[in-house]
Amino acid sequence: MRTLLVLSLLALLFNPGQNPPPPQEGSPVTVIELKCSKTRQPAQKLDPVSTGPAAAMTAADKNVERNIRANDPPWAIDPHTQTIDGRSAAIEKSVQESRTPQPKPVDGFEYRVKVRNASNKTIDILFWEYQFINSADQADMSRRQFMCGAGIKPDKRKELLAFSLSGPSDVVAVGALAQKSDNTSKERVVINRVEYTDGSTWQRKDWKANEIKQGYIRALATPWGSEMCRSL
């Protein structure tokens, strides 16, 4: 599925005038819950560069011995760790780990939205955005857009989780500060585009796919890992 992210959208981004999705009224995805909160994402640990000597051949490397060890219990000691080379490699690994600088955790924002597939087709890819609207000035709106490998079957619900370095707008209107109410802004989630496993699509009429062109290219620049969504 990740490899399909997303040929049809690429064509739309670079040739926006060709083969536009058919206009449809109403989103085929129902938003049930939404939430944005600060979070800290742990950094991926870097493995030290191995510079130790190659393990020496021992009697345990013979086919007969390897077959016998295949039935050893999990707590059995690996014969290689008892050799001089094995002990040297373990010491060298500890030294390299202590010298390898580890990246710091990343502070950012977690965006959660629970949705329901209201269509009769399985959703493959979902494009959505989290909007922050200043109630003092309805024109003051911040948007955070995401792309998710959803995999939602008809009439099923799923919670989508996205991480972004960007949070709500850093600019607060003077009118909002003057209001006594704590509810100076409101949040909502808008579904921009839905891609189904059968190749068909749905897209919001007033959504401009070209807005996410650069973010989309960045999102596909690195292999897709275990994450469900990527920020655009």
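Residues numbered from 1 in each chain as written. Predicted model: local features only at pLDDT ≥ 70, side-chain atom pairs only at ≥ 80, totals over all residues. Heavy atoms only, no water.

**Looking at the overall build of the protein chain**
Working step 1: What the protein chain contains, in helices and strands, is five helices and eight strands.
Working step 2: When its helices and strands are written in sequence order, the protein chain yields α-β-α-α-β-β-β-β-α-β-β-α-β.
Working step 3: The buried share among the 232 residues of the protein chain stands at 31%.
Working step 4: Within the protein chain, residue pairs in contact and separated by at least 24 positions form 78% of the contacts whose partners lie at least 6 positions apart.
Working step 5: Total accessible area on the protein chain is roughly 14900 Å²; 53% of this is exposed by carbon and sulfur atoms. (Helix = DSSP H or I, 4+ residues; strand = E, 2+ residues; numbered from the N terminus. Buried < 20%, exposed > 50% of the residue type's maximum accessible area, 1.4 Å probe, protein only. Contact = heavy atoms within 4.5 Å. Areas by Shrake-Rupley, 256 points an atom, 1.4 Å probe, with all protein chains shown as cover.)

**Brief notes about the confidence of the model for the protein chain**
Working step 1: Across the protein chain, the average pLDDT comes to 74, with 54% of residues at 70 or higher.
Working step 2: Low confidence marks residues 170-181, where pLDDT is under 50. Its contacts with residues over four positions away, or in another chain, come to 11 contacts. (pLDDT = per-residue confidence, 0-100.)

**Things to note about the state of the cysteines**
Working step 1: If you walk through the whole model with that rule in mind, you get one disulfide.
Working step 2: Residue C148 pairs covalently with C229 via a disulfide, S to S 2.0 Å. Here C148 and C229 share a disulfide; its torsion about the S-S bond, 110°, makes the bridge right-handed. Linking C148 in strand 4 (residues 141-152) with C229 in strand 8 (residues 229-231), this pair joins segments that are 81 residues apart in sequence. Take C148 and C229: they sit in the same class, and that class is buried. (Disulfide = S-S within 2.5 Å.)

**A few points about unusual backbone geometry**
Working step 1: In this structure, D155 takes a positive phi of about 60° despite not being glycine.
Working step 2: By the secondary structure assignment, D155 is in the loop between strand 4 and strand 5 (157-164).
Working step 3: Looking at D155, the relative accessible area reads 52%, which means it is exposed.

**Here's the deal with the nonpolar core**
Working step 1: One finds Y111, L126, W128, Y130, L160, I191 and V194 to be the most contacted residues of the largest nonpolar core, which totals 23 residues.
Working step 2: Counting residues per element, the ones that place at least two in this core are strand 1 (29-41), strand 2 (106-117), strand 3 (123-134), strand 4, strand 5 and strand 6 (185-196).
Working step 3: With five residues, the single largest contributor to this core is strand 3.
Working step 4: Judged by nonpolar contacts, the second largest core, of 10 residues, contains M147, A209, I212 and A219. (Core = buried A, V, L, I, M, F, W, Y, C linked by side-chain atoms within 4.5 Å.)

**With respect to the packing of aromatic side chains**
Working step 1: Under the counting rule described, the total for this entry stands at seven aromatic pairs.
Working step 2: Here the aromatic rings of Y111 and Y130 are separated by 5.2 Å at their centres, their planes lie at 65°, and the arrangement is edge-to-face. One end of the pair, Y111, is in strand 2; the other, Y130, is in strand 3, with 19 residues separating them in the sequence. Across the pair, exposure class does not vary: Y111 and Y130 are buried alike.
Working step 3: Seen from the ring of W224, R230 lies directly overhead, with NZ or CZ sitting 4.7 Å from the centre. (Phe/Tyr/Trp six-rings, centres within 6.5 Å; stacked < 30°, edge-to-face > 60°. Lys NZ or Arg CZ within 6 Å of the ring centre and 35° of its normal.)

**Quick notes on the pattern of salt bridges**
Working step 1: Summed over the entire model, instances satisfying the criterion amount to 10 salt bridges.
Working step 2: Residue R116 is joined to D155 by a salt bridge in which the shortest nitrogen-to-oxygen separation is 2.7 Å. Linking R116 in strand 2 with D155 in the loop between strand 4 and strand 5, this pair joins segments that are 39 residues apart in sequence.
Working step 3: Residue classification places R116 among the partly exposed residues on the basis of a relative accessible area of 24%.
Working step 4: Measuring nitrogen to oxygen at the nearest pair gives 2.9 Å for the salt bridge that ties E211 to R143. Of this pair, E211 sits in the loop between strand 7 (201-203) and helix 5 (213-219) while R143 sits in strand 4; the two residues are 68 residues apart in sequence, bridging distant segments of the chain.
Working step 5: With a relative accessible area of 29%, R143 lands in the partly exposed category.
Working step 6: Where salt bridges share partners, they join E129, R143, R204, D206 and E211 into one cluster. (Salt bridge = Lys/Arg side-chain N within 4 Å of Asp/Glu carboxyl O.)

**Looking at the sheet that holds strand 2**
Working step 1: Strand order in this open sheet of three strands is 1-2-5, and the pairing throughout is antiparallel. In this open sheet, the two strands that pair with only one neighbour each are strand 1 and strand 5. Pairwise comparison of adjacent strand axes, ignoring direction, gives a mean angle of 20° for this sheet. (Pairing = 2+ DSSP bridges. Axes fitted to C-alpha atoms, helices over the stretch in contact; angles between N-to-C directions.)

**Things to note about the environment of L160**
Working step 1: Inspection of the secondary structure puts L160 in strand 5.
Working step 2: Residues L160 and K114, spaced 46 residues apart in sequence, show a C-alpha to C-alpha distance of 6.1 Å.
Working step 3: Contact partners of L160, with chain neighbours within four places excluded, come to Y111, R112, V113, V115, L126, W128, C148, M228 and C229.

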